[in-house]
Amino acid sequence: MEYSTFGRHVAVDTWGVEFELLNDAQFLEAQLVEAAEACGATVMSVQSKQFEPQGATVLVLLSESHLSIHTYPERGFAAIDCYTCGETVDPQLAIDYLVSVLKPKKTYAKKLIRGLGELQVESPECKLAELV
C-alpha cells in the first residue's frame with residue numbers, strides 16, 4: 001500500500017492563560033488526549049513531564065503523527081502544535097479544542113501544508129470548539 005505524503009502542521013502560541021491550567025501536566029495530558037480524539041486521531045502513547053518550579057510538557061504520539069504542548073505558566077504562555085499526515089484527520093480541530101479549554105487572551109497561529117513539495121504557510125483562524 002502506498003500512502004500520501006500530504007500533511008498539515010498547525011502551530012499556535014497562546015498568551016494570557018491561567019497559571020493553574022498551564023501548571024498541571026495531568027490535566028493537560030487529559031485535554032490533549034481529548035483534543036486528539038476530537039479531531040479523529042488515533043492515540044498511540046502519551047508522555048508528560050511536570051517541571052519544577054513550574055511548567056509542563058505533554059507529547060501525544062498519534063498514528064497520524066503528534067500533538068504537543070509546552071507551557072510557561074509564569075508567563076501565561078503555551079506553545080501548542082499538531083501535525084497529522086493524510087487527509088482524514090484535521091489538526092485544526094485539535095488546536096481549536098485546546099484553545100477552547102485554555103481560553104487564552106491572545107493566539108497566534110500558522111499552518112504548514114507539508115509533503116507536496118515546497119512548504120505552504122497559511123494563517124488559520126482559531127475557533128472555539130464545542131466542549132462536551
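Residues numbered from 1 in each chain as written. Predicted model: local features only at pLDDT ≥ 70, side-chain atom pairs only at ≥ 80, totals over all residues. Heavy atoms only, no water.

J.: I would appreciate a short explanation of the UniProt feature "modified residue: Pyruvic acid (Ser)" (unreviewed entry) in the chain in the present structure.
T.: The positions UniProt marks with the feature "modified residue: Pyruvic acid (Ser)" (unreviewed entry) are Ser65. Residue placement: serine 65 occurs in strand 4 (residues 65-72). (UniProt positions renumbered as here; feature names shortened; annotations may be inferred. Helix = DSSP H or I, 4+ residues; strand = E, 2+ residues; numbered from the N terminus.)

J.: I tried to follow unusual backbone geometry on my own but got confused; where do I start?
T.: What is expected of a backbone is that most residues other than glycine have negative phi and most peptide bonds are trans. Each neighbour pair has its own omega, and for glutamate 52 with proline 53 the value is 10°, a cis peptide bond. When you line up the elements, proline 53 lands in the loop between strand 2 (43-50) and strand 3 (56-62). We note that serine 65 has phi near 155°; this positive angle belongs to a residue other than glycine. On the accessibility criterion, serine 65 (17% relative accessible area) is buried. Positive phi outside glycine occurs at lysine 103, with the angle close to 50°. With respect to the helices and strands, lysine 103 occurs in the loop between helix 3 (91-102) and strand 6 (106-114). A relative accessible area of 58% places lysine 103 in the exposed class. (Buried < 20%, exposed > 50% of the residue type's maximum accessible area, 1.4 Å probe, protein only.)

J.: Just to check I follow, could you spell out the packing of aromatic side chains for this structure?
T.: Aromatic ring pairs are reported here in terms of the distance separating the ring centres and the angle at which the planes meet. Under the definition given, this model contains 2 aromatic pairs. Aromatic pair tryptophan 15 and phenylalanine 77: ring centres 4.4 Å apart, planes at 45°, arrangement tilted. You can see tryptophan 15 sitting in strand 1 (residues 7-15) and its partner phenylalanine 77 sitting in strand 5 (residues 77-85), a full 62 residues away along the chain. Of the residues examined, tryptophan 15 reaches a relative accessible area of 35% and is grouped as partly exposed. For phenylalanine 77, a relative accessible area of 11% gives the class buried. With a centroid separation of 5.8 Å and 40° between ring planes, the pair formed by tyrosine 72 and phenylalanine 77 is classed as tilted. Note on tyrosine 72: relative accessible area 41%, which makes it partly exposed. By the ring-pair criterion, three or more aromatic residues cluster together here, those being Trp15, Tyr72 and Phe77. (Phe/Tyr/Trp six-rings, centres within 6.5 Å; stacked < 30°, edge-to-face > 60°.)

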